[in-house]
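The lines below spell out each chain.
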Amino acid sequence: LIAPTCELHVAYIDPYGSERHGDRLHIHPIRPTRWRWKLFLRLFHTPADPYGDLLPQLTQIVERVRPDMIHVHGTELSYLALHEHARRSGIPFLVSLQGITSAIHRKYAGSHSTARLRRTIVKWGWSDRKLLPQTALANARTLRRSAQREHAHFPFIPNFAGRTHWDRHIATLFNPAARYFQIDRVLKPAFQSSRWNPLPLDSPNAVLHTTLSDATFKGFEIVAEACWHLARTGLDVEWRIAGLQADSWSVRMARAKLRGRFPDRHFRFLGKQDAAGLVDSMLRSHVYVLSSLSENS
């Protein structure tokens, strides 16, 4: 919902996109130069800044639009460097924090070895089109470069927005003079209105629920090993995994690591779920398990 007095310009990476202009909403897709070639090269090495050529395009958009404020959502890409142009132009600049890559990159591998990351191929691409794969190790290097970018630019960001104590601590750690704005997230009604009641302890099995995404630092291989330890004690475990399928690459990595110890029959992969599906699974579980090694909210 855009306020009647607001005009919003949104810039994002999409090599396939085209500009769209409405009454108060304007879309500006940006395309890295030689992006197909860069995708291919990422199979073999991680360039120092694969998105460095985005900055001139963003600067041109800012010069053309002349906004009253620039908002950068997330800190993963070279958008952060736009603060320098904003300062020279006298435009207020705000960064909203999502994941902090300075912390995430230290936990990216989870309990996997560097050798396994090097061997593992993951899908990667822009938008909903999967173009070329890359190694998980290259993904880790990209994340580390993003963390270096945070260290370089955070001390000069004048305004941060966040939702957790961790967000506030990170912002003031890097720039004690920065202004911090608390912007809480709103839970969907299904989560607000539902109440969990413990299942009977004499139920025939132990039902656990975990919500994950397909990233190594979310810790699925730790879930798999924990499930194996529970099952070998004789406990009948049903572990529901929302967000993953049986063929998700983090599941395949865990299966390759644990081999015969991978507890296939004890997992129920739910895939992507809407709010109602997640609530239903959690209400019918004994325990919610958070396995992520680096989490914000």
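Residues numbered from 1 in each chain as written. Predicted model: local features only at pLDDT ≥ 70, side-chain atom pairs only at ≥ 80, totals over all residues. Heavy atoms only, no water.

**Looking at the packing of aromatic side chains**
Per the stated rule, a full pass over the model turns up 8 aromatic pairs. Aromatic pair Phe 220 and Phe 262: ring centres 6.2 Å apart, planes at 50 degrees, arrangement tilted. Note that Phe 220 is positioned in helix α9 (residues 220-232) and Phe 262 in the loop between α10 (249-258) and β12 (267-271), a separation of 42 residues in sequence. There is no split in this pair, since Phe 220 and Phe 262 are both buried. Where Trp 239 meets Phe 267, the ring centres are 6.4 Å apart and the plane angle is 50 degrees; that geometry is what we call tilted. (Phe/Tyr/Trp six-rings, centres within 6.5 Å; stacked < 30°, edge-to-face > 60°. Helix = DSSP H or I, 4+ residues; strand = E, 2+ residues; numbered from the N terminus. Buried < 20%, exposed > 50% of the residue type's maximum accessible area, 1.4 Å probe, protein only.)

**So, the environment of Tyr 180**
Mapped onto the secondary structure, Tyr 180 falls in strand β9 (residues 179-182). When sequence neighbours within four positions are dropped, the list of residues in contact with Tyr 180 reads Phe 160, Ala 161, Gly 162, Arg 163, Thr 164, Asp 167, Arg 168 and Ala 171. Here Gly 162 takes part through its backbone oxygen, which lies 3.5 Å from a polar atom of the side chain of Tyr 180. Here the side chain of Tyr 180 touches Thr 164 through a polar contact of 3.5 Å, landing on its backbone oxygen. (Contact = heavy atoms within 4.5 Å. Polar contact = N/O pair within 3.5 Å; in protein donor to acceptor, adjacent residues only side chain to side chain.)

**Details of unusual backbone geometry**
For Arg 66, which is not glycine, the phi torsion reads 55 degrees and is therefore positive. In this fold, Arg 66 is placed in the loop between α2 (54-65) and β4 (70-73). For Arg 259, which is not glycine, the phi dihedral falls at a positive 55 degrees. Take Arg 259: it is sitting in the loop between α10 and β12.

**A look at the nonpolar core**
Counting residues in hydrophobic clusters, the biggest one holds 26 residues, and the most contacted among them are Ile 70, Tyr 79, Phe 93, Val 95, Phe 154 and Phe 160. Considering every element that reaches this core, the biggest residue donor is α2, with 4 residues. Dropping the residues within four chain positions of it, Tyr 79 is found in contact with Tyr 12, Ile 13, Ile 30, Leu 54, Leu 58, Val 72 and Phe 93. Leu 208, Val 251, Ala 254 and Leu 258 belong to the second-largest nonpolar core, a separate cluster that totals 17 residues. (Core = buried A, V, L, I, M, F, W, Y, C linked by side-chain atoms within 4.5 Å.)

**What to know about the sheet that holds β4**
The strand order β4-β5-β8-β9 describes an open sheet built from 4 strands, whose pairing is parallel. Two strands bound the open sheet, and with one partner strand each, they are β4 and β9. Strand-to-strand twist of the sheet, defined as the mean angle between neighbouring strand axes without regard to direction, takes the value 25 degrees. Where strand β5 (residues 93-96) meets strand β8 (residues 159-162), 3 bridges bridge the pair, whose relative direction is parallel. By the bridge assignment for β8, Leu 94 is matched with Asn 159. (Pairing = 2+ DSSP bridges. Axes fitted to C-alpha atoms, helices over the stretch in contact; angles between N-to-C directions.)

**Structural notes on the sheet that holds strand β13 (residues 287-288)**
Across the sheet, 4 strands lie side by side as β12-β11-β10-β13; this open sheet has parallel pairing. Two strands in the sheet have a free side with no partner beyond their single neighbour: β12 and β13. The pairing of strand β10 (residues 206-211) with β13 spans 2 bridges and is parallel. Residue pairing across strands places Leu 208 opposite Val 287, the latter belonging to β13.

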